[in-house]
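If you want the building blocks of each chain, they are given just below.
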Amino acid sequence: MSKITEVAELVEKGKAKLVGPAVQAALDEGCDPMDILNHGMIDTMTIVGEKFKNGEIFVPEMLVAARAMKKGVEVLKPHLASGSTGANGKVIIATVSGDLHDIGKNLVAMMIESAGFEVVDLGVDVSTDKVIEAYKENPDTKIICLSALLTTTMPAMKATVTALNESDFRSNIKVMVGGAPITQEFADEIGADGYSEDAASAASLAKRLAAA
């Protein structure tokens, strides 16, 4: 079994303690750091995401796989060209104003990071101004992701998307929305570029939008 295949299997099984040493072993054997990242980790998380979408695994398994990948990336980082772990671009993510839920948002952030993006996580209860300010501090951002878990905070999401749609940098970004009460219809109605119903779909959608 190649060392990269071994890394992939450990990531998929969520063996966080073993992934780091396996990545180091692959590096010692002369494997290309980008191959380890792409084939050992990012491709594996795509498979994990598909299994989640198909109901073969559930949130806990997806979380442990994402955490295991994180451990592997820590070992790889010094060997990668700066920015290559975020090779697909930068994503700003936030739970909208008035909403304190972060489990879904954190899972989406982990999956998007696992798909090769650099993630700027603004946390929960984030105002429209804060989102716009974060973009101005990170003008190389490609996607802004907004989460709402309560029907009562859907208007806050709408207000933030409206403000982004009216901003002078709108043509430089894509806006993604999600969360329990959010639907494709609502996303279309408020003028978002994309909607996903779960973290695995969010990672696939982010890759599509970034490439568009």
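All values reported here derive from a predicted model rather than from experimental measurement. (Residues numbered from 1 in each chain as written. Predicted model: local features only at pLDDT ≥ 70, side-chain atom pairs only at ≥ 80, totals over all residues. Heavy atoms only, no water.)

A. Unusual backbone geometry, seen in detail. Of note, D125 is a non-glycine position whose phi angle comes to about 55 degrees, a positive value. Structurally, the position occupied by D125 is in the loop between strand 2 (118-121) and helix 6 (128-137). For D125, a relative accessible area of 36% translates into the label partly exposed. (Helix = DSSP H or I, 4+ residues; strand = E, 2+ residues; numbered from the N terminus. Buried < 20%, exposed > 50% of the residue type's maximum accessible area, 1.4 Å probe, protein only.)

B. Focus on the pairing of strand 1 (residues 90-95). By the criterion of burial, strand 1 is predominantly enclosed, with 6 of the 6 residues buried. Alternating positions in strand 1 separate into two faces, K90, I92 and A94 on one and V91, I93 and T95 on the other, with burial throughout. Summarising the sheet, strand 1 and strand 2 pair through 4 bridges and their orientation is parallel. Paired with I93 across the two strands is D121, which belongs to strand 2. In the classification by handedness, the crossover that spans strand 1, the intervening helix 5 (residues 103-114) and the parallel strand 2 is right-handed. In this sheet, strand 3 (residues 141-147) lies alongside strand 1 in parallel orientation, the contact comprising 6 bridges. Note on strand 3: the bridge partner recorded for T95 is S147. (Pairing = 2+ DSSP bridges. Right-handed = clockwise from strand over helix to strand, strands pointing away.)

C. View of the packing of helix 3 (residues 33-53) against helix 9 (residues 199-211). It is the contact of helix 3 with helix 9, at a shortest axis distance of 8 Å, that shows an interaxial angle of 130 degrees. Here helix 9 runs oblique to helix 3, going by the angle between their axes. In terms of crossing hand, the pair formed by helix 3 and helix 9 is left-handed. Along its contact with helix 3, which presents T46, G49, F52 and K53, the element helix 9 presents A200, S201, S204 and K207. In terms of residue class, the contact of helix 3 with helix 9 is built from 2 nonpolar, 4 polar and 2 charged. (Axes fitted to C-alpha atoms, helices over the stretch in contact; angles between N-to-C directions. Parallel < 35°, antiparallel > 145°, perpendicular 65-115°, else oblique. Left-handed = near helix turned anticlockwise from the far one by under 90°. Contact = heavy atoms within 4.5 Å. Nonpolar A, V, L, I, M, F, W, Y, C, P; charged D, E, K, R; others polar.)

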